[in-house]
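Residue-level structure breakdown
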Amino acid sequence: MANAPIAVSRVIHTIHATTDIYKCRCLYQDVLGGLVFAENYFPAEDRDCALLYVTNHMVEPMAPRTPDDLSKPFARMAAKIGQAFHSFEIKVADGKAASQAFRDAGCTVASDYGVFFFVKPESTGGVLLEVCELGMPNDPYDRAANTPGSWGESVGTGHASGAVRLDHIACVTADMDKALHFFTQVVDGEVLVDARVTMPQPSRRVLIRVGDTRVAFLQPDDTASGPLGAFLSREQNGIYALVWQVEDLARARAHFEGKCKLSTTEADCAGGQFAIAPDDFLGARHEFIIAT
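Just so it is clear, the structure is predicted and the values come from calculations on it, not from any experiment.

A look at the environment of Ile-239
Mapped onto the fold, Ile-239 is located in strand β13 (residues 239-246). It is 24 Å that separates the C-alpha atoms of Ile-239 and Phe-37, two residues lying 202 residues apart in sequence. Once residues within four sequence positions are removed from consideration, Ile-239 is found in contact with Thr-14, Phe-85, Ser-87, Phe-88, Val-127, Ile-169, Ala-170, Cys-171 and Phe-231.

Quick look at the pattern of salt bridges
Within this structure, the stated rule accounts for 13 salt bridges. Glu-45 is the salt-bridge partner of Arg-47, the closest N and O atoms lying 3.1 Å from each other. Overlapping salt bridges, with partners in common, bring together Arg-253, Glu-257 and Glu-266 in one network.

Some words on the side chain of Thr-264
Tracing the sequence through the fold places Thr-264 in strand β14 (residues 264-265). In terms of polar contacts, Thr-264 uses its side chain to reach the side chain of Arg-253, at 2.8 Å. A polar contact of 2.4 Å, which involves the side chain of Thr-264, links it to the side chain of Glu-257. Residues contacting Thr-264, with those up to four places away along its chain left out, are Arg-253, Phe-256, Glu-257, Phe-274, Ala-275, Ile-276 and Ala-277.

Comments concerning the nonpolar core
Counting 53 residues, the largest nonpolar core has Tyr-28, Phe-88 and Phe-102 as the members making the most contacts within it. In terms of residue count, the dominant contributor to this core is helix α6 (residues 176-186) (six residues). Phe-102 has contacts with Ile-6, Cys-107, Val-109, Phe-117, Val-119, Val-131, Phe-182, Val-186 and Val-187, leaving out every residue within four places of it along the chain. Formed by 22 residues, the second largest nonpolar core is a distinct cluster that contains Ile-15, Ala-78, Ala-84 and Trp-151.

Conventions and cut-offs
- Residues numbered from 1 in each chain as written.
- Predicted model: local features only at pLDDT ≥ 70, side-chain atom pairs only at ≥ 80, totals over all residues.
- Heavy atoms only, no water.
- Helix = DSSP H or I, 4+ residues; strand = E, 2+ residues; numbered from the N terminus.
- Contact = heavy atoms within 4.5 Å.
- Salt bridge = Lys/Arg side-chain N within 4 Å of Asp/Glu carboxyl O.
- Polar contact = N/O pair within 3.5 Å; in protein donor to acceptor, adjacent residues only side chain to side chain.
- Core = buried A, V, L, I, M, F, W, Y, C linked by side-chain atoms within 4.5 Å.
- Buried < 20%, exposed > 50% of the residue type's maximum accessible area, 1.4 Å probe, protein only.

Rendered as structure tokens:
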């Protein structure tokens, strides 16, 4: 690129597309100890959302208020991918300048509201990416800048899940070169690990630091079979799982299966040692490893 990569200060959140905003919000609260700090309605896209933190990572459950109104972009996307992870969002200093820089780099930009917009998956190696210059309303992360020590990943301490922090966002790509180009040259991500893995199937796995968050991209050797191939074969926006560190795997699993009545599985994990069955978490895959 002729210009310097766009600086990313943080990953703001991951969006979870759902049809039931209340049930989704309650799952994050009861199962993972999520703390809700805001709820709002965005008329331009006729969608409701909740904003919550699970330890150090913000998740935004989001639902179209009128799912059948396919004139609205979020309703169209929800109809396309169903209940699933929708995108993750990066923070930049200047939304308009970033939008133009992405376009100049050949990326496809959509739903551009000036201060925030989306970069389509065909430009990023498969991930739908939201880009924003603004923080979320009433975000504890931003308030902590004025009151040191007032917020941190310790907000979840004491919850039965034992969740400690987000380890990484796990994504699946059919084009690792494009993902690497976007996340290390168009934006200023840094490659931390580039290695071969066998789980959940033989793949190349590249771990990248994007802002303050680690994002792993897996490209399976066989993109037409196995769990990652199955993921690539359906309508999706690239995010396979959120992988969380927990204090004690057995205790976390007992909490999920006991009090929460959720199924867990060791199958198809892309970074964790076990996962909550996605069908029990409104289409979202959450995986877990021991805290380090």
